[in-house]
Amino acid sequence: SQTIHQWPATLVQPVGSPLSLECTVEGTSNPNLYWYRQAAGRGLQLLFYSVGIGQISSEVPQNLSASRPQDRQFILSSKKLLLSDSGFYLCAWSVAGRGNYGYTFGSGTRLTVV
Amino acid sequence: AQSVTQLDSHVSVSEGTPVLLRCNYSSSYSPSLFWYVQHPNKGLQLLLKYTSAATLVKGINGFEAEFKKSETSFHLTKPSAHMSDAAEYFCVVSDTGFQKLVFGTGTRLLVSP
């Protein structure tokens, strides 16, 4: 069966420090991968999605970047964190070309920038 | 572009009473629609999905939703609320390329004893 792993679960980082969040999927090949952010009291905002290795689409301009170095690995990064980067970050995957099947989400990372 | 509107930011019910969470969608094509649930500090769990088959969709934990094209609605219901249903619920629509999901702003369900 397919599983998705996301870590760390919580993170407290100072302003200006770098960030690396990792997400891996098991039990499937060539998934579509997604990073979402959920700010306090707000809905989910799609940050990045990827349909293959090295293929990244950015939905909104921001202080973050994403990479997909391997088929089932998706990394969210920042060189210098801002206070506004605080939030709950969720990784998700779907069957390639079949977003209508729905996504499977990881358990999320709570990031607090101080 | 496709979108969903969740008509209530908060819904409060008593345990044992019916639940209704309302969602309207906008789509130029036959949409795929979903309801997800999120418990505090947890990831999202798929409750149910509509993908152009039966208009009444049954999901997990006793939830169901009815797709009404004439009303562009996909409301989520449950006959009898349980305390464990207290969570945030998201109505979601797929985009035309089926590559991305578009989320509503969420409805927080509060269940009192």
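Further up the page is the structure itself.
Reading the values: rules and limits
Residues numbered from 1 in each chain as written. Chains lettered and ligands numbered in written order. Predicted model: local features only at pLDDT ≥ 70, side-chain atom pairs only at ≥ 80, totals over all residues. Heavy atoms only, no water. Helix = DSSP H or I, 4+ residues; strand = E, 2+ residues; numbered from the N terminus. Rg over C-alpha atoms; globule rule 2.2 N^0.38 Å. Buried < 20%, exposed > 50% of the residue type's maximum accessible area, 1.4 Å probe, protein only. Contact = heavy atoms within 4.5 Å. Polar contact = N/O pair within 3.5 Å; in protein donor to acceptor, adjacent residues only side chain to side chain. Core = buried A, V, L, I, M, F, W, Y, C linked by side-chain atoms within 4.5 Å. Pairing = 2+ DSSP bridges. Axes fitted to C-alpha atoms, helices over the stretch in contact; angles between N-to-C directions. Buried area = accessible area lost by both parts, 1.4 Å probe. Salt bridge = Lys/Arg side-chain N within 4 Å of Asp/Glu carboxyl O. Nonpolar A, V, L, I, M, F, W, Y, C, P; charged D, E, K, R; others polar. Phe/Tyr/Trp six-rings, centres within 6.5 Å; stacked < 30°, edge-to-face > 60°.

**Focus: the overall build of chain A**
A count of helices and strands for chain A gives zero helices and eleven strands. The C-alpha radius of gyration computed for chain A amounts to 13 Å, which stays within 12% of the reference 13 Å derived for 114 residues, consistent with globular compactness. Buried positions account for 47% of the 114 residues belonging to chain A. Expressed as a percentage of contacts within chain A between residues at least 6 apart in sequence, the contacts between residues at least 24 apart total 55%.

**Concerning the environment of S50 of chain A**
Residue and element names in this part refer to chain A. As for its position among the elements, S50 is in strand 5 (residues 44-52). Its relative accessible area of 1% is what places S50 among the buried residues. Taking the C-alpha atoms as reference, S50 lies 9.1 Å from W35; in sequence the two are 15 residues apart. Non-local contacts of S50, meaning those with residues more than four positions away in its chain, are made with P31, N32, L33, Q55, I56, R68 and F74. A polar contact of 2.9 Å, which involves the side chain of S50, links it to the backbone oxygen of G52. Engagement of the side chain of S50 in a polar contact is seen with the backbone oxygen of Q55, the distance being 2.6 Å.

**Details of the nonpolar core**
Buried together is how nonpolar side chains tend to be arranged in soluble globular proteins. Among the nonpolar cores identified, the biggest contains 26 residues, and W35, L48, L76 and Y89 of chain B are the most heavily contacted of them. With four residues, the single largest contributor to this core is strand 10 (residues 87-94) of chain B. Counting 19 residues, the second largest nonpolar core, distinct from the first, contains I4, V25, L76 and L81 of chain A.

**What to know about the sheet that holds strand 3 (residues 19-26) of chain A**
Residues and elements named next belong to chain A. If you trace the four strands from one edge of the open sheet to the other, you get 1-3-8-7, paired in antiparallel fashion. Of all strands in the sheet, those with a lone pairing partner are strand 1 (3-7) and strand 7 (65-70), marking the two edges. The sheet shows a mean angle of 20° between the axes of neighbouring strands, direction not considered.

**Thoughts on the interface of chain A and chain B**
With 23 residues of chain A at the interface, the matching set in chain B holds 19 residues. Here chain A packs against chain B, burying approximately 1600 Å² in sum over the two surfaces, 52% of which is carbon and sulfur. On inspection of chain A and its partner chain B, the count reaches zero salt bridges. Broken down by secondary-structure element, the contributors of at least two residues to the side of chain A that touches chain B are strand 4 (32-38), strand 5 and strand 9 (87-94) of chain A. Grouping the amino acids of the side of chain A that touches chain B by side-chain chemistry returns eleven nonpolar, nine polar and three charged.

**As for the packing of aromatic side chains**
Pairs of aromatic rings are described using the distance from one ring centre to the other and the angle between the two planes. A full pass over the atoms with the stated rule returns 16 aromatic pairs over all chains. Each ring, one from Y36 of chain A and one from Y103 of chain A, has its centre 6.2 Å from the other, and the planes form 55°; the classification is tilted. Residue Y36 of chain A is located in strand 4, and its partner Y103 of chain A is located in the loop between strand 9 and strand 10 (104-105); the two are separated by 67 residues in the primary sequence. Here the two residues Y36 of chain A and Y103 of chain A agree in accessibility, since each one is buried. With a centroid separation of 5.5 Å and an interplanar angle of 45°, the aromatic rings of F63 of chain B and Y89 of chain B are classed as tilted. Of this pair, F63 of chain B sits in the loop between strand 7 (56-58) and strand 8 (64-68) while Y89 of chain B sits in strand 10; the two residues are 26 residues apart in sequence, bridging distant segments of the chain. Comparing F63 of chain B with Y89 of chain B shows no difference in burial state: the two are buried. Ring pairing ties together the aromatic residues Y34, Y36, Y49, Y103 and F105 of chain A together with F34, Y36, F90 and F103 of chain B, which thus form one cluster.

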